[in-house]
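If you want the building blocks of each chain, they are given just below.
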Amino acid sequence: MAVKIRLTRIGRHDDPFYRIVAADSRFARDGRYIEQIGYFDPEKGVENAVVNEELALKWLGLGAQPSDTVKAIFNRKGLNAKAKEKKAK
């Protein structure tokens, strides 16, 4: 099972809101997911994205691949550096 950390869209028409989730790559974008890691409101910007660091590091440690957008969010939050540091230990 290839796990991806990606965004699933929720919210109204012309008012997007996203959940950051760990999901099997074969599932639909807005379909079933394994675990919710956080959420992101594009109107408020990447700086205000809420991410559960513990869950994010857990999934990155288990080999989950983040999408490009999620990777950018994690870089802003410093999670990619923490994951590499944890992996090096």
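Residues numbered from 1 in each chain as written. Predicted model: local features only at pLDDT ≥ 70, side-chain atom pairs only at ≥ 80, totals over all residues. Heavy atoms only, no water.

Participant: How would you explain the side chain of R6 if you had to name every residue and give the values?
Facilitator: By the element assignment, R6 lies in strand β1 (residues 3-12). D24 is the oppositely charged side chain nearest to the buried, salt-bridge-free R6, at an N-O distance of 7.2 Å. Of note is the side chain of R6, whose polar atom sits 2.9 Å from the backbone oxygen of F27. One polar contact links the side chain of R6 to the main-chain carbonyl oxygen of A28, over a distance of 3.3 Å. Aside from chain neighbours lying at most four places away, what touches R6 is R19, I20, V21, A23, D24, S25, F27, A28, R29, S67 and V70. (Helix = DSSP H or I, 4+ residues; strand = E, 2+ residues; numbered from the N terminus. Buried < 20%, exposed > 50% of the residue type's maximum accessible area, 1.4 Å probe, protein only. Lys, Arg positive; Asp, Glu negative; His and termini not counted. Salt bridge = Lys/Arg side-chain N within 4 Å of Asp/Glu carboxyl O. Polar contact = N/O pair within 3.5 Å; in protein donor to acceptor, adjacent residues only side chain to side chain. Contact = heavy atoms within 4.5 Å.)

Participant: Run through the sheet that holds strand β5 (residues 65-66), naming residues and quoting values.
Facilitator: Spatially, five strands are ordered β4-β3-β2-β1-β5 in an open sheet, and the strand pairing comes out mixed. Of all strands in the sheet, those bounded by a partner on one side alone are β4 (50-51) and β5. Sheet analysis places β1 next to strand β2 (residues 15-24), joined by 10 bridges and oriented antiparallel. Bridge pairing in β2 places I10 opposite F17. Relative to strand β3 (residues 35-40), helix α1 (residues 53-61) is tilted by about 120°, and along the sheet it contacts β1, β2, β3, β4 and β5. (Pairing = 2+ DSSP bridges. Axes fitted to C-alpha atoms, helices over the stretch in contact; angles between N-to-C directions.)

Participant: Before we move on, could you go through the environment of A23 and cite the residues and values that matter?
Facilitator: Position of A23 relative to the elements: it lies in strand β2. Of the residues examined, A23 reaches a relative accessible area of 1% and is grouped as buried. Separated by 53 residues in sequence, A23 and R76 have C-alpha atoms that sit 22 Å apart. Those residues in contact with A23, other than ones at most four positions away along the chain, are A2, V3, K4, R6, R32, Y33 and I34.

Participant: Any chance you could break down the layout of surface pockets for me, citing the residues and the numbers?
Facilitator: Reported here for the largest pocket is a volume of approximately 360 Å³. Around the largest pocket, the lining is made up of 13 residues, and of these L60, N80, A83, K84 and K87 lie nearest the centre. Those elements that provide at least two residues to the lining of the largest pocket are α1, β5 and α3 (79-88). Considering only residue class, the lining of the largest pocket consists of five nonpolar, four polar and four charged. (1 Å grid on protein atoms, 1.4 Å probe; cavity = no way out; pocket = protein on both sides within 12 Å on 5 of 7 lines; lining within 4 Å. Points joined across faces, edges and corners; volume = space filled by probe spheres on them. Nonpolar A, V, L, I, M, F, W, Y, C, P; charged D, E, K, R; others polar.)

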